[in-house]
Amino acid sequence: MIDLVGYGAFFLTTALIFSLVTLGLNLQWGLTGLFNVGLAGFVAIGAYTSALLTTPDDPARLGGFGLPILIGWLGAMFVGGVAAALTGIATLRLRSDYLAITTFGVAVVVQLVALNAQKLTGGPFGIGFIPRPFGGLAETPLLFNLSNLAIVSAVTLAAYLALEHLTRSPWGRVLKALREDERAAISLGKSARFYRVQAFAVGGAIMALAGALQAHFIGFIAPDNYLSILTFQVWVMLIVGGSGSNAGAIAGSVLVWAIWAGSGALTSVLFAPEQQARAASLQIVAIGVMLCVILLVRPNGIFGERPRRVRFGKRTKATASESGS
Amino acid sequence: MGDAVKRHGAETQQPVLAAKNVVRRFGGLVAVNNVSFDVRPGEILGLIGPNGAGKTTMFDLLAGSILPSSGEIYLGGVPVSGEAAHRRIGRGLGRTFQIPRPLPNLTLIENVMLAAQGQTGERLLANFLTPWRVAAEEKAAAKKAAELLELVSLTRLAHEPARVLSGGQRKLLELARVMMADPAIILLDEPAAGVNATLLEVIIERIRDINESGITFLLIEHNIDMVTRLCHRVLVMASGELLCEGTADEVARDPRVIEAYLGGTA
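Model, not experiment: these values are computed from the prediction.

Describing the overall build of chain A
- When helices and strands are tallied, chain A shows 14 helices and zero strands.
- Ordered by position from N to C terminus, the α and β elements of chain A give α-α-α-α-α-α-α-α-α-α-α-α-α-α.
- The dimensions of chain A, computed from C-alpha atoms along their principal axes, are 75 × 45 × 35 Å.
- Residues counted as buried form 49% of the 325 residues belonging to chain A.
- Sequence-distant contacts in chain A: of pairs separated by 6 or more residues, those separated by 24 or more amount to 75%.

Below, the structure written as structure tokens:
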């Protein structure tokens, strides 16, 4: 029973870290319509920044600086936000398909830098000994997992409430307007570039924070953590939960991670050890099938912005008779 | 007219909007060729011409959606030719579109509130640092938006998404939306297009009401009846050039206008 609770806490912690990335993507895509398929790069930037700031000094590479974990998280948000803003300034005039290609390129560049800049990132060996919050409790896994869950829950809740506040604010209204019709929004005095760069930077900062949280939760990072499969997972989480909804971003993350983790456990039971590497592909199949089912049953996702139902039954008739056009 | 419509005095005779020798080329095509005119305070100026005359290109130049190849545009006496489109509404120039562009998934009231200028809440950090001020401005903006929706007879649909509107209602929504910014001049691009006779009367009445509060209009329109009823002066464009100007009756009798519209068959 205790093992089950411990695993549940571990599972939820991981799912909530994913949900932070998904919240960042929801701000960029769900609210503003920015097609970012390079989110893994911003998660990596956050993870490496926080790791460099907080790990003990290592003569084999730059840093670490041994700073407190909180400074690492704030530094990750700052560097992730600046990196996203610079990416945004350079690319946000591009149409969505070209923006997708460019952001994907950014993620590949970040991953290759992490892999090859050994003096900075530890190269393929990554960075270890990243301090863990409540690391002193590691001897009692249940308490350690519950403590981490509490801290990740608090961060996720704070991000959710802040994003909900922004979504309902005049700032959020401008982002929605740009998503719906850029030319109309510009004619009403809204600078498309200015607001898009802001949305991209804030989303990037949230993704970087998620990367930092994960790095400190696991205690070790390596370039392989930030491959494009991460981008795929997070996009599925947003689509399943419902693009445009912060609650959907969290629900989609938990659900998709449950299926991902569940299918992983199932393959380890069903397949012999020598076949398990190939059987892991079935996880992607399971996610793909679920995505198809969700899109067929609920095209806007579980909590997605659905067309609001008109509140009076004779609307169509009334509208037609009023305008006739 | 309620308090929602800001009254603009016509105390100055300086043109609200002026084009001086404006040229716009698209490659080898000269869409607007050396066009100059003034829009006087408080008037409704019509801009007519056959299809392809360059009217909408001229509108886009005035609104800043495209920049002139040469020439100058003045807004309230200030040269604005190189200024981005989103800055011009802050200088008092609002526009509507030939094909209305409501924000379909925002409610009508959100559509109108979006046009409020200088809102504190449109600054990211202000939503956390001065939430009381944002809330007060939002309340005032919502009240004004509701009054403007009442002005254009759309109160009943205020909390519905804009996609439920018919074509004519979308034009009324655009009118209310642009009024939210307290413009000194509104550019209307074919407000009568695709609108039935009953709703057209509503649009004409509203334009007249708003104009009586001192707001200037520049109107592109093919509906000559509407132009005759509303416009104090009319400009005629053909093949990218300004052909003539005068009252609606004067231009209707001008042989050059007849030539341009009917290709010399009249």
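Digging into the overall build of chain B
- Across its full length, chain B holds 10 helices and 10 strands.
- For chain B, the C-alpha radius of gyration of 19 Å lies close to 18 Å, the compact-globule estimate for 266 residues.
- Projected onto the principal axes, the alpha-carbon positions of chain B cover approximately 65 × 40 × 40 Å.
- Burial analysis of chain B (266 residues in total) assigns 47% to the buried set.
- By sequence separation, contacts in chain B at least 24 residues apart represent 68% of the contacts at least 6 residues apart.

What to know about the sheet that holds strand 1 (residues 17-26) of chain B
All names here are of chain B.
- Strand order in this open sheet of four strands is 2-1-4-5, and the pairing throughout is antiparallel. Both outer strands of the open sheet, strand 2 (29-39) and strand 5 (78-79), are each paired with one neighbouring strand and no more.
- In this structure, strand 4 (residues 70-75) lies alongside strand 5, joined through two bridges in antiparallel fashion. Looking at the pairing, Tyr74 lines up with Pro79 of strand 5.

Some points on the interface of chain B and chain A
- Taken together, the contact between chain B and chain A spans 35 residues of the former and 30 residues of the latter.
- When residues of the side of chain B that touches chain A are traced back to their parent elements, those giving at least two are helix 2 (85-88), helix 5 (131-151) and helix 6 (167-179) of chain B.
- In terms of residue count, the dominant contributor to the side of chain B that touches chain A is helix 6 of chain B (four residues).
- In terms of residue class, the side of chain B that touches chain A is built from 15 nonpolar, 13 polar and seven charged.

Section: the environment of Pro161 of chain B
Residues and elements named next belong to chain B.
- As for its position among the elements, Pro161 is in the loop between helix 5 and helix 6.
- Note on Pro161: 20 C-beta atoms within 10 Å, which makes it buried.
- Distance from Pro161 to Leu108, taken between C-alpha atoms, is 6.1 Å for residues 53 residues apart in sequence.

Let's talk about helix 5 of chain B
- When the terminal C-alpha atoms of helix 5 of chain B are compared, their 30 Å separation across 21 residues agrees well with the 30 Å that a helix rising 1.5 Å per residue should span.
- Once helix 5 of chain B finishes, Ser153 of chain B follows within two positions and takes phi at roughly 60 degrees, a positive value.

Thoughts on the nonpolar core
- Ranked by internal contacts, the top residues of the largest apolar core, which has 171 residues, are Leu20, Val43, Ala208 and Leu209 of chain A together with Val112, Ala176 and Leu219 of chain B.
- In terms of residue count, the dominant contributor to this core is helix 9 (residues 192-218) of chain A (16 residues).
- Among all residues touching Val112 of chain B, those that are not within four sequence positions of it are Ala145, Leu148, Leu149, Ala176, Arg177 and Met180 of chain B.

A word on the sheet that holds strand 6 (residues 93-95) of chain B
Residues and elements named next belong to chain B.
- With mixed pairing, six strands are arranged side by side in an open sheet as 6-7-8-3-9-10. The open sheet is flanked by strand 6 and strand 10 (241-246), the only strands paired with a single partner. Across this sheet, the average inter-strand angle for adjacent strands is 20 degrees, counted without regard to direction.
- Note: strand 6 against strand 7 (residues 185-189), three bridges, orientation parallel. Residue pairing across strands places Gly94 opposite Ile186, the latter belonging to strand 7.
- Its contacts with the sheet place helix 10 (residues 255-262) against strand 9 (233-238) and strand 10, and it is angled at close to 130 degrees to strand 10.

Here's the deal with the pairing of strand 10 of chain B
Residue and element names in this part refer to chain B.
- Strand direction decides the pairing type here: strand 9 and strand 10, joined by five bridges, are antiparallel. Bridge pairing links Val234 to Gly246 in strand 10.
- With antiparallel pairing between neighbouring strands as the criterion, strand 9 and strand 10 make up a hairpin whose turn holds two residues, including Ser239 at a positive phi of roughly 50 degrees.

Some points on the pairing of strand 2 of chain B
Residue and element names in this part refer to chain B.
- By the bridge criterion, seven bridges tie strand 1 to strand 2 in an arrangement that is antiparallel. Residue Ala18 lies in a different strand from strand 2, and its bridge partner there is Asp38.
- Counted along the chain from strand 1 to the antiparallel partner strand 2, the turn is two residues long, and its residue Gly27 has a positive phi close to 60 degrees.

Here we look at unusual backbone geometry
- For Phe134 of chain A, which is not glycine, the phi torsion reads 60 degrees and is therefore positive.
- With respect to the element layout, Phe134 of chain A can be found in the loop between helix 5 (118-121) and helix 6 (141-167).
- Judged by the 14 C-beta atoms lying within 10 Å of it, Phe134 of chain A is partly exposed.
- In the Ramachandran plot, Ser239 of chain B falls in the positive-phi region, its phi being about 50 degrees despite a non-glycine side chain.

Concerning the packing of helix 10 (residues 228-241) of chain A against helix 11 (residues 246-270) of chain A
Residues and elements named next belong to chain A.
- One way to put it is that helix 10 packs onto helix 11 with a least axis distance of 7 Å and a crossing angle of 120 degrees. It follows that helix 10 is oblique to helix 11 by the angle criterion. Crossing angle aside, the handedness with which helix 10 passes helix 11 is right-handed. Within the contact between the two elements, helix 10 uses Gln233, Val236, Met237, Leu238, Val240 and Gly241 and helix 11 uses Gly248, Ala249, Ile250, Ala251, Gly252, Ser253, Leu255, Val256 and Trp260.
- The class makeup of the residues in the contact of helix 10 with helix 11 is 10 nonpolar, five polar and no charged.

Here we look at the environment of Ala146 of chain B
Residue and element names in this part refer to chain B.
- Locating Ala146 in the fold gives a position in helix 5.
- For the pair formed by Ala146 and Leu103, sequence separation is 43 residues and the distance between their alpha carbons is 17 Å.
- Dropping the residues within four chain positions of it, Ala146 is found in contact with Ile109 and Ala158.

So, how was this worked out
Residues numbered from 1 in each chain as written. Chains lettered and ligands numbered in written order. Predicted model: local features only at pLDDT ≥ 70, side-chain atom pairs only at ≥ 80, totals over all residues. Helix = DSSP H or I, 4+ residues; strand = E, 2+ residues; numbered from the N terminus. Buried ≥ 20, exposed ≤ 12 C-beta atoms within 10 Å, placed from the backbone. Contact = placed C-beta atoms within 7 Å. Rg over C-alpha atoms; globule rule 2.2 N^0.38 Å. Pairing = 2+ DSSP bridges. Nonpolar A, V, L, I, M, F, W, Y, C, P; charged D, E, K, R; others polar. Expected span 1.5 Å × (residues − 1). Core = buried A, V, L, I, M, F, W, Y, C linked by C-beta atoms within 7 Å. Axes fitted to C-alpha atoms, helices over the stretch in contact; angles between N-to-C directions. Parallel < 35°, antiparallel > 145°, perpendicular 65-115°, else oblique. Left-handed = near helix turned anticlockwise from the far one by under 90°.

Honestly, it's all geometry; don't read function into it.
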